[in-house]
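Descriptive analysis of the structure
The chain contents come next:
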Amino acid sequence: MTASQQEQLRAEIVGLVDKIGPGRSSLIPILEDIKRRYRAVDDEAMQVVADMLDIHPVEVYSVASFYAFLHGAPQGVNVIRLCRTLSCDFAGKEAVADALRDELGIDFGESTDDGLFTLEWASCIGMCDQGPALLLNDEVHTRVSPDDVRALVATRRSAGKEG
Amino acid sequence: MTTASIESQGNALTYATIEADAGLRAAAAVSRPDIIDTVSASGLKGRGGAGFPTGMKWNFCAAEKAEQKYIICNADEGEPGTFKDRVILTRFADLVLEGMTIGGRAIGATLGIVYLRAEYRYLRPHLVEVIKRRREQGLLGRNVMGVEGFDFDVITALGAGAYVCGEETALIESLEGFRGEPRNRPPFPVVAGLLNNPTVVNNVETLAAVACIFAKGAEWFRGFGTDKSTGYKLFSVSGDCERPGVYEFPWGISVADLLEEVGGQGAKAVQIGGASGICVPAKDFARRLAFEDIPTGGSVMVIGPQRDILDVAENFLEFFVEESCGQCTPCRLGNAKMLECVQLLKKGACAPEYLADIKALGDTMQVASKCGLGQTSSSALLSILEHFGDEITGRAPSA
C-alpha cells in the first residue's frame, strides 16, 4: 500500500467513525463497512480502527476473525455463499456446489485470481423451504439449479469489477 | 426485501386476522404491572426454543432499578431449518414492533433493538421503513399513542455471521463490539445485560404473540394449545415433504398429524428443534410438540426413507464444529470428536467400545458446556444412536 493510499484509508475510516460513533459498540458496524468497501480488513485498517476506538489492534483482530462476515481475507466482488445445511443438502446442494466449482475453477474457501468471485459455504440461511439456496452478496437466490448457477456466474462475470 | 421471502408457503396465520395496533392501544391504557399480569396470565413462553415464561422474564427486569433498560428482539434466526422469523419480519413486522413497544412499557425501557442476522441483511431496509412509518404515526418516539411519558423507540443492528449470537448473552457481547462468546450466568441479562443495564431479550415470534395477546386477550390465547403450552406456534417445515413452508398449529399437535398436513407421510424420522434438537423416529410419531413432550423453537426437518441417517448426523456435526465459539473445551473438542465418530461409523470402522466412549462424551458435553450450543449439540447424534442402532452399526468396512 502506498503512502497516499494509506492516507486515504485513514481518512475514510475517520469518516466512518465520525458517522457511526467512537464507542466500542461501533466496532462491528465499522469493520463491516470496511469489509464491504475494501473486500478485506487488512492489518493497516485494523491499526487505524484500533487507534480511533482507543483499543489494542489485537482486540480488533480478535473480533474480525470471529465473525464469518468480517474475517480479514480479501474477497472477490461477488461473494457466493451456498447453504450447506440439511434441507438444502436434501434439495440437491451438492450438484449446485459442483457447478460452482466447475464454473469458477475454485473450491469453497477460495477466490478467483481476477478478484471477481469468492466461494464460501454458509450455515443455514433460513431458506430451507426453497432450497438449494445461496447468497450472492446480500441477494438471496432460491431453488437454484446447476444451470441457474452457470447463468448467474456468466452475468456477474460480464458485469466485471464494477459489479 | 425479496420475492423469495414472500413466496413461503404454509397455512393461514392468525397474525393476519389481528387488528393493527389494537394490542398496543390496550396496553397503553393500563398500568405497567397490569401488562405483565396479562402476559403471565396468557402463559406465553419464549418462542425461540428455550421456552422461558415471558411474563416472568419481564417481571424480573421490571423489578430492577436502573436509569436505562433495553428490550432486544432476537432476530438472529440461525437454527438450521428455522425460517419463521424471516416470514414474520417480512409480512408482520408491525406486530413485532408492537410487541416490543408493549414490552418496553412493561419493563420501563425506552429503547428497543432489533438484532438481525447478517444473512437477513436484505430485510433491513423494510424494517427501517416500518420503524420510520410508526414514528410518523406516533406509535414510536415520545409519548407513544399520546400517552404522557410513554417514550419508546427502536433501532436495528446487524449480526456478522455467527450462529452462537442467537444465544442471548453472546448476542449482547456482539452488540457491545466483542466476540460473540456467551457469558457466565448469573447475572442474567434481565439484571445486567447490554452495557450492564437490565435487558430483556425476546424472540421475534414471542413479541408478535404479545401483540396478539393484547389485541384479543389472555383468555383467547389460552384457548389454543395445552395447559402447559398455551397458544399457537409457528413451525418451519422443510426437507422431504410435499409442502414445505411456515405453518401455524396449536401446541400439542402430534408429529404424525403435522406430517399429514405438510405431506410428509412415510418419513423415517423427523428432526425437531434444528441441529440442536432431537431426531424422532417413525415409531414415536404419536409424540406431541409441546413444552411437556418435545419442546422446540419450531424447526421441523422431515427425513425421508431414502436418507442415510448418518448423513444427517454428519451434516449437523459439521455445522457445530464450524459454529462452536471455541470458548469451552467440551464443545470445541467434543463436537470434532463426535463428527469423527460419525465418519468412522460411515466407514464401518467404529469399535463398540469407542462408540460407548462417544456416548459418554455426548453426555459430558451436555452438562459441562457453558451455553445452549454445547449443551445441545450432541442431542441429535445421541438420539440417532438410541433409535437407529441397527442402521448405523455393523456396516461393511470401506476405505
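Residues numbered from 1 in each chain as written. Chains lettered and ligands numbered in written order. Predicted model: local features only at pLDDT ≥ 70, side-chain atom pairs only at ≥ 80, totals over all residues.

Attention shifts here to the domain arrangement of chain A. For chain A, the domain assignment lists domain 1 (3-64) and domain 2 (78-162). Using only C-alpha atoms to locate each centre, domain 1 of chain A and domain 2 of chain A end up separated by 29 Å. (Domains from an automatic or database assignment.)

Here the focus is unusual backbone geometry. Excluding glycine, a negative phi dihedral is what most residues carry, and trans is how most peptide bonds are arranged. Residue and element names in this part refer to chain B. Backbone torsion omega between Arg185 and Pro186 reads -5 degrees, so that peptide bond is classified as cis. Take Pro186: it is sitting in the loop between helix 8 (168-175) and strand 4 (199-203). Residue Pro187 is reached from Pro186 by a cis peptide bond, and omega for that bond is 0 degrees. Locating Pro187 in the fold gives a position in the loop between helix 8 and strand 4. Positive phi values are uncommon outside glycine, yet Asp21 reaches one of about 60 degrees. Along the chain, Asp21 falls in the loop between helix 1 (3-6) and helix 2 (22-28). For Met145, which is not glycine, the phi torsion reads 55 degrees and is therefore positive. By the element assignment, Met145 lies in the loop between helix 7 (124-136) and strand 3 (153-158). For Met145, a count of 16 C-beta atoms within 10 Å puts it in the partly exposed group. (Helix = DSSP H or I, 4+ residues; strand = E, 2+ residues; numbered from the N terminus. Buried ≥ 20, exposed ≤ 12 C-beta atoms within 10 Å, placed from the backbone.)

Glancing now at the sheet that holds strand 2 (residues 110-111) of chain A. Residue and element names in this part refer to chain A. The five strands lie next to each other as 2-3-1-4-5, forming an open sheet whose pairing is mixed. The open sheet has two edge strands with one neighbour each: strand 2 and strand 5 (139-141). Together, strand 1 (78-83) and strand 3 (117-122) form the strand contacts of helix 6 (residues 93-104), whose direction differs from that of strand 1 by roughly 155 degrees. (Pairing = 2+ DSSP bridges. Contact = placed C-beta atoms within 7 Å. Axes fitted to C-alpha atoms, helices over the stretch in contact; angles between N-to-C directions.)

Let us now look at the pairing of strand 6 (residues 245-250) of chain B. Along a regular strand, successive side chains alternate from one face of the sheet to the other. All names here are of chain B. Summarising the sheet, strand 5 (residues 232-239) and strand 6 pair through six bridges and their orientation is antiparallel. Paired with Lys233 across the bridge in strand 6 is Phe249. Connecting strand 5 to the next strand, strand 6, in antiparallel fashion are five residues.

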